Amino acid sequence: MLQEGAHGKWTVSSSDESTEEVSDNEKPSTSSLSHATQGRASTPQYPCSEARKAAHKRKASPLKFIDKGFPPERQPVEKQRHGQEGSGWCLSSSDEEPEDKEKQVHKVTVKEEKNNSPEEHPPDFHQKNELLGNQKAEEWCGAPSETQDTWDLLNGGNPFRFFLTKVRGIEQSYNSGALHIKDILSPLFGTLLSSAQFNYCIDVEWLVKQYPQEFRKKPLLIVHGEKRESKAELLAQARPYENISFCQAKLDIAFGTHHTKMMLLLYEEGLRVVIHTSNLISEDWHQKTQGIWISPLYPRLPQGATDSAGESETNFKSDLISYLAAYNSPALKEWIDNIQEHDLSETRVYLLGSTPGRYQGIDKEKWGHLRLRKLLREGSSSVAAQESWPVVGQFSSIGSMGADESKWLCSEFQDSLVATGASGTALPKCAVPIHLVYPTVDNVRQSLEGYPAGGSLPYSLQTAQKQLWLHSYFHKWSAEVSGRSHAMPHIKTYMRPSPDFQKIAWFLVTSANLSKAAWGALEKNGTQLMIRSYELGVLFLPSAFGLDKGYFHVKGKLHSESKDPVTSFPVPYDLPPEQYGSKDRPWIWNIPYTNAPDTHGNMWVPS
């Protein structure tokens, strides 16, 4: 059905249903089909969101943009820049829409075609830019990084142990401090005995191939939240692998998801924990900005050690065990025992999780945004107590925030984000500036993946229309500091920077998007916190890194030979963030974009 409004004209996809409190990425599709039976253009084998399915369809059958209305000198082109080997291609800053596009009359020809039509582009361009996801990503990441490079990453000057994933198509220097999943699972990190993978969207066959050959038959537990058809599909994927077992996370509250992304890796040499933001599918490790925290190698405790042995100053061990215990699953008892038997005392981050439920009393502060509030009150300095220190939230999906900012964003959620160790009167509502970073339509259009990158930014029209007030808080995605301005973010981060954005009071990397389902919402006059989903992240506080000033300095160019102190935090995107201009619109996945081509010469028509 054709509609018109603040975002132009669009056709609403009938497959997208909006719910009040759940973010749009948290609506899994249960109608996935097998590659084997449906061929290359089918929906993915793994269960995923409707937005992801639309992106897969447009990659397999792109809609070419042929616009005879552009004057020759304004015809969008993708310039290539040849740099270091493996650097791929770079986007030209000339990839801009005409200023008066709404006044021009374009004759647009829509041509749906398969991806095997190389004549559409010169051969060199086609070779560099073909993005058939699975096959191409696997070719590129077929082997882990050089041994010495990976060893230096883990044991060199990175006290935070915070990494980004590698991105194909950016300058190679910006990948020098980054990791692919094959790096994380390589024998260099340890001699694997067994592993557990917690995730939301999982391609079992692809996942198995990321393990080194010698580890592919080691016991693997997959923790997921799939139900009914999606669960059957996931189990069917694993039938060829006798070493794979499953744990289904209980999701008893409507619209909740198992959104946590974590790896538990048991080695002959010890144990390692990895908390990250990527789904276990090829596309998420290819051309997106993703975050990873990798623990030290935890040694085994001597036999007879007490239950409290091996705890860190951040209580990471007991908090991780509590998080796993919340699943109430016998399948995780073995992993709780494994953690109990290891020394996690070298951990410097705080664990911040969400688990589904309704919590009262002291349990209210165990999960979600009230857990963040408690940690900040107990561990953060009063340096950011003044109103002038803003809050930054950056995410890839958005739930319903209510009719106005007072309903959740600038009330209970903001109260948690601005909590400090200082005592004093509460700040007025929205006295602290809030900067929300979410990609614009042009961010997506000009990205490495083009419009299909929007499949992992599933903000729907139905949700957006109900909260136009929220968009005044939005800021563009820009990541020149990490070379990732054109790698769309699937990472989620929150922080409290100083007014000049040169310092941060704390930094959080997490799976949690901007939604009540992820962070929780107060009920019963504030006496109860209701959370729908499983989420997990790690919080970096200066005090845990021996910094008594109460803040981290913000690192300059990532992976450069800068003279930043080793305790400068590598924020992965540009600060201060730039607010949307008058012509900028947030990416909304389920409306078409046909006025300008993406970096592959295509349009976006999701249905």
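Since this is a predicted model, take the numbers as computed values, not measurements. (Residues numbered from 1 in each chain as written. Predicted model: local features only at pLDDT ≥ 70, side-chain atom pairs only at ≥ 80, totals over all residues. Heavy atoms only, no water.)

Chemist: Sorry, what's going on with the pattern of salt bridges here?
Modeler: Think of it this way: side chains of opposite charge can pair up when their charged atoms draw near. Under the counting rule described, the total for this entry stands at 14 salt bridges. With a closest N to O distance of 3.5 Å, Lys-209 and Glu-205 form a salt bridge. With Lys-209 and Glu-205 both in helix H7 (residues 204-210) and 4 residues apart, the pair spans about one turn of that helix. Looking at Glu-205, the relative accessible area reads 38%, which means it is partly exposed. Glu-523 is the salt-bridge partner of Arg-358, the closest N and O atoms lying 3.6 Å from each other. Taken as a pair, Arg-358 in strand E13 (residues 357-360) and Glu-523 in strand E19 (residues 521-523) lie far apart in primary sequence, 165 residues in all. One salt-bridge network, in which partners are shared between bridges, spans Lys-59, Lys-288 and Glu-449. (Salt bridge = Lys/Arg side-chain N within 4 Å of Asp/Glu carboxyl O. Helix = DSSP H or I, 4+ residues; strand = E, 2+ residues; numbered from the N terminus. Buried < 20%, exposed > 50% of the residue type's maximum accessible area, 1.4 Å probe, protein only.)

Chemist: Could you clarify how one ought to interpret the sheet that holds strand E9 (residues 262-267) in this entry?
Modeler: Pairing is mixed across the open sheet formed by 7 strands, whose spatial order is E5-E11-E10-E9-E6-E7-E8. In the strand order of this sheet, the two ends are held by strand E5 (162-164) and strand E8 (244-248), each with one partner. Pairs of neighbouring strands in the sheet enclose a mean axial angle of 20°, with direction left out of account. Running at roughly 110° to E9, helix H9 (residues 316-325) makes contact with strand E6 (192-198), E9, strand E10 (271-276) and strand E11 (291-294) of the sheet. Packed on one face of the sheet, helix H10 (residues 333-340) meets E6, strand E7 (220-224), E9 and E10 and runs near 65° to E9. (Pairing = 2+ DSSP bridges. Axes fitted to C-alpha atoms, helices over the stretch in contact; angles between N-to-C directions. Contact = heavy atoms within 4.5 Å.)

Chemist: Just checking my understanding: could you explain the packing of helix H11 (residues 368-379) against helix H12 (residues 409-417) for this structure?
Modeler: Axis angle and axis distance: for two packed helices, these are the angle between their axes and the distance between the axes, and together they describe the pair. Contact geometry of H11 with H12 gives a least axis separation of 7 Å together with a crossing angle of 35°. Side by side, H11 and H12 meet where His-369, Leu-370, Leu-372, Arg-373 and Leu-376 of the first sit next to Glu-412, Phe-413, Asp-415, Ser-416 and Leu-417 of the second. For the contact of H11 with H12, the per-class residue count stands at 5 nonpolar, 2 polar and 3 charged. (Nonpolar A, V, L, I, M, F, W, Y, C, P; charged D, E, K, R; others polar.)

Chemist: Mind showing me how you'd approach the UniProt feature "site: Interaction with DNA" (unreviewed entry) in the chain here?
Modeler: What UniProt calls "site: Interaction with DNA" (unreviewed entry) maps, in this numbering, to Ser-515. Owing to a relative accessible area of 0%, Ser-515 belongs among the buried residues under this scheme. (UniProt positions renumbered as here; feature names shortened; annotations may be inferred.)

Chemist: Sorry if this is basic, but what is going on with the UniProt feature "active site" (unreviewed entry) in the chain here?
Modeler: According to UniProt, the positions carrying the feature "active site" (unreviewed entry) are His-259 and His-490. Across 232 residues in sequence, these annotated residues keep their C-alpha atoms within 12.6 Å of one another, forming a single compact spot. Relative to the helices and strands, His-259 resides in the loop between E8 and E9. Looking at the element boundaries, His-490 is found in the loop between strand E16 (474-475) and strand E17 (492-497). Classification of His-490 by relative accessible area gives buried; the value is 4%. Excluding anything up to four places from it in sequence, His-490 contacts Arg-52, Lys-261, Thr-277, Asn-279, Asp-284, Lys-288, Thr-289, Gln-290, Ser-396 and Ser-456.

Chemist: Mind showing me how you'd approach the nonpolar core here?
Modeler: Generally speaking, a soluble globular protein has its nonpolar side chains buried in company with each other. Judged by nonpolar contacts, the single largest core of 114 residues is most densely connected at Phe-316 and Phe-540. Apart from residues lying up to four places away in sequence, Phe-316 is in contact with Val-273, Ile-275, Trp-293, Tyr-298, Glu-311, Leu-344, Thr-347, Val-349, Leu-351 and Val-538. In terms of nonpolar packing, the next biggest core, distinct from the first, is built from 28 residues, Phe-189, Leu-220, Val-274 and Leu-280 among them. (Core = buried A, V, L, I, M, F, W, Y, C linked by side-chain atoms within 4.5 Å.)

Chemist: How do you make sense of the environment of Arg-348 when you look at a structure like this?
Modeler: Tracing the chain through its elements places Arg-348 in the loop between H10 and strand E12 (350-354). The spacing of Arg-348 and Gly-546 is 198 residues in sequence and 9.7 Å in space, taken between C-alpha atoms. Once residues within four sequence positions are removed from consideration, Arg-348 is found in contact with Thr-314, Ala-544 and Phe-545.

Chemist: I keep staring at the packing of aromatic side chains and nothing clicks. Help me out?
Modeler: Geometrically, a pair of aromatic rings is defined through the distance of the ring centres and the angle of the planes. Evaluated as defined, the whole model comprises 32 aromatic pairs. Relative to Tyr-494, the ring of Phe-413 lies with its centre 6.4 Å away and its plane at 85°, an arrangement referred to as edge-to-face. Of the two residues, Phe-413 sits in helix H12 while Tyr-494 sits in strand E17, which places them 81 residues apart along the sequence. With a centroid separation of 4.5 Å and an interplanar angle of 40°, the aromatic rings of Phe-507 and Phe-569 are classed as tilted. In this pair, Phe-507 is assigned in strand E18 (residues 503-510) and Phe-569 in the loop between strand E22 (552-553) and strand E23 (602-603), connecting sequence segments 62 residues apart. Among the aromatic side chains, those forming a connected cluster through ring pairs are Phe-160, Phe-162, Phe-507, Phe-540, Phe-545, Phe-552 and Phe-569. (Phe/Tyr/Trp six-rings, centres within 6.5 Å; stacked < 30°, edge-to-face > 60°.)

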